[in-house]
Amino acid sequence: MTQVPFGEFVAGARARGTLVVQPRMGFSDPGRMRRGLARTRAADAVTVGTLTLDSYTRVRDLEAARRALAEGVTLNGYPICTHPPETTRGVLDGIHDASFPVQVRHGSPRPEHIVAALLGLGLDATEGGPVSYCLPYSRAPLADAVASWRTACEMLAEHTGDGRVPHLESFGGCMLGQLCPPAVLVAVSVLEGLFFARHGLRSVSLSYAQQTSPQQDLEAVAALQRLAGELLGPIDWHVVLYAYMGVYPLSRGGALDLLEAAARLAVTSGASRLIVKTAAEAHRIPTVADNVEALEVAARAAATSTAPPPGPPAADSEVYAEARTLVHAVLDLHDDVGTALLTAFRRGLLDIPYCLHPDNAGRARSFIDHDGRLRWGDTGALPLGGAAVSAARKVTSADLLAALSRVQRAYDSGGTP
């Protein structure tokens, strides 16, 4: 099977001025999964494929996955560790090649079994991270996730050579999907990228999820690119943007408008890859056809958008200043990035608003200001100083519910936030 490294494929598309678009697609039935990959490859867009795994595999309950398959139960993703390897090779055969990389997406805080399975199949692109796949998705201790992800990185790195360059994407820019001020998203993504690099990965991507203010999002992606350039050194990296991860519009028109806005943001911010959402997100699990439509809608919107001029941002933004402060505060704690992350969360120097994981301090709070920007209502122990808090504001449950549905309501009414 001739392959082009995942990062190299994305870089080649970027050099041609084309945004790579990608679904979040996973089906337990091998035939349906193969059809999904084939339709993704044939879409009128530059695409990469996705094997999104099921929840049993994510939490390493492989006996439950085996039982479900034996009983004909449909799972919410592809059970890569349960289907025989020859079955998955059949899914990939003739589809995964130099013109169509495939990434495994999973959500596991302890991913060694998944990494072993994907490497055994000749795949070498996946995503996650010790923070971003622990705090939102599990109750696993953060220390366990850091140790597991250290091992997983080393497993991937061992397969570098003979034309293979394993790729790992940080999910750090998507913490809880919404209502997390961009500085924290940028900081966690950069710190996870550094963690990956320190444990041998030579090709990484850093994520950012579309939020509530297009201008603030542009500043955030610029900050992410700038910090990556300052800190990651001579490794291959790119930025991947996620279409809005929060409560999605109920109307078909609103959902597609929001997706088009994400595609335009990806191009104007200089991101190289976009993870799409479909018009069905608010109602059901998307079909293959839903995903193909989203890929093609995003690709058309991207093709009519204007790419940014080359070079760094003209001036420091508030997002860059805050994210840089957070990143360096963590790096100053210890030479080992994993140890530094554990200490930072224990002291509240990193704190994800509204995250209920026991290893998260839970003191920081955020709100959406009148201009749509995400701002700090309370910084807790974050090393940002009083100036970061724009107003002494107590966020009530009513405020939180209104903020969670703000984007959905705006796009369903035909407007923008």
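Residues numbered from 1 in each chain as written. Predicted model: local features only at pLDDT ≥ 70, side-chain atom pairs only at ≥ 80, totals over all residues. Heavy atoms only, no water.

Student: I'm lost on the side chain of arginine 375 in this one. Help?
Tutor: Tracing the chain through its elements places arginine 375 in strand β10 (residues 374-378). In this structure the side chain of arginine 375 is engaged in a polar contact, spanning 3.1 Å, whose partner is the side chain of aspartate 371. (Helix = DSSP H or I, 4+ residues; strand = E, 2+ residues; numbered from the N terminus. Polar contact = N/O pair within 3.5 Å; in protein donor to acceptor, adjacent residues only side chain to side chain.)

Student: What exactly am I supposed to notice about the pattern of salt bridges here?
Tutor: It is possible for side chains of opposite charge to pair when their charged atoms get near one another. The final tally for this structure, using the stated rule, is 18 salt bridges. Residues arginine 110 and aspartate 144 are paired through a salt bridge, measuring 2.9 Å at the closest nitrogen-oxygen approach. Residue arginine 110 is located in the loop between β3 (102-105) and α6 (112-120), and its partner aspartate 144 is located in helix α7 (residues 142-157); the two are separated by 34 residues in the primary sequence. What makes arginine 110 partly exposed here is its relative accessible area of 32%. Notably, a salt bridge pairs aspartate 124 with arginine 164, separated by 3.2 Å at the nearest N-O pair. Taken together, the residues span a long stretch of sequence, with aspartate 124 in the loop between α6 and β4 (125-128) and arginine 164 in the loop between α7 and β5 (167-170) at a distance of 40 residues. Overall, arginine 164 belongs to the partly exposed group, its relative accessible area being 22%. One continuous salt-bridge network, built from bridges that share partners, spans Arg105, Glu127, Glu169 and Arg273. (Salt bridge = Lys/Arg side-chain N within 4 Å of Asp/Glu carboxyl O. Buried < 20%, exposed > 50% of the residue type's maximum accessible area, 1.4 Å probe, protein only.)

Student: Could you clarify how one ought to interpret unusual backbone geometry in this entry?
Tutor: Glycine aside, a negative phi is what most residues show, and trans is what most peptide bonds show. Unlike most non-glycine residues, arginine 60 shows phi in positive territory, near 65°. In this structure, leucine 179 takes a positive phi of about 65° despite not being glycine. Looking at leucine 179, the relative accessible area reads 5%, which means it is buried.

Student: Before we go on, may I ask you to explain the packing of aromatic side chains in this structure?
Tutor: In this description, an aromatic ring pair is defined by two values, namely the gap between the centres and the angle between the planes. Summed over all chains, the structure comprises six aromatic pairs. Seen from their ring centres, tyrosine 133 and tryptophan 149 are 6.2 Å apart, and the 65° between their planes marks the pair as edge-to-face. Of this pair, tyrosine 133 sits in the loop between β4 and α7 while tryptophan 149 is found in helix α7, placing the two residues 16 residues apart along the sequence. The same class applies to tyrosine 133 and to tryptophan 149, which are both buried. Linked through ring pairs, Tyr133, Tyr137, Trp149, Phe171 and Tyr242 together constitute an aromatic cluster. A cation sits over an aromatic face here: arginine 58 above tyrosine 137, 5.5 Å from the ring centre. The aromatic ring of tyrosine 320 is capped on one face by arginine 226, whose charged end is 4.3 Å from the ring centroid. (Phe/Tyr/Trp six-rings, centres within 6.5 Å; stacked < 30°, edge-to-face > 60°. Lys NZ or Arg CZ within 6 Å of the ring centre and 35° of its normal.)

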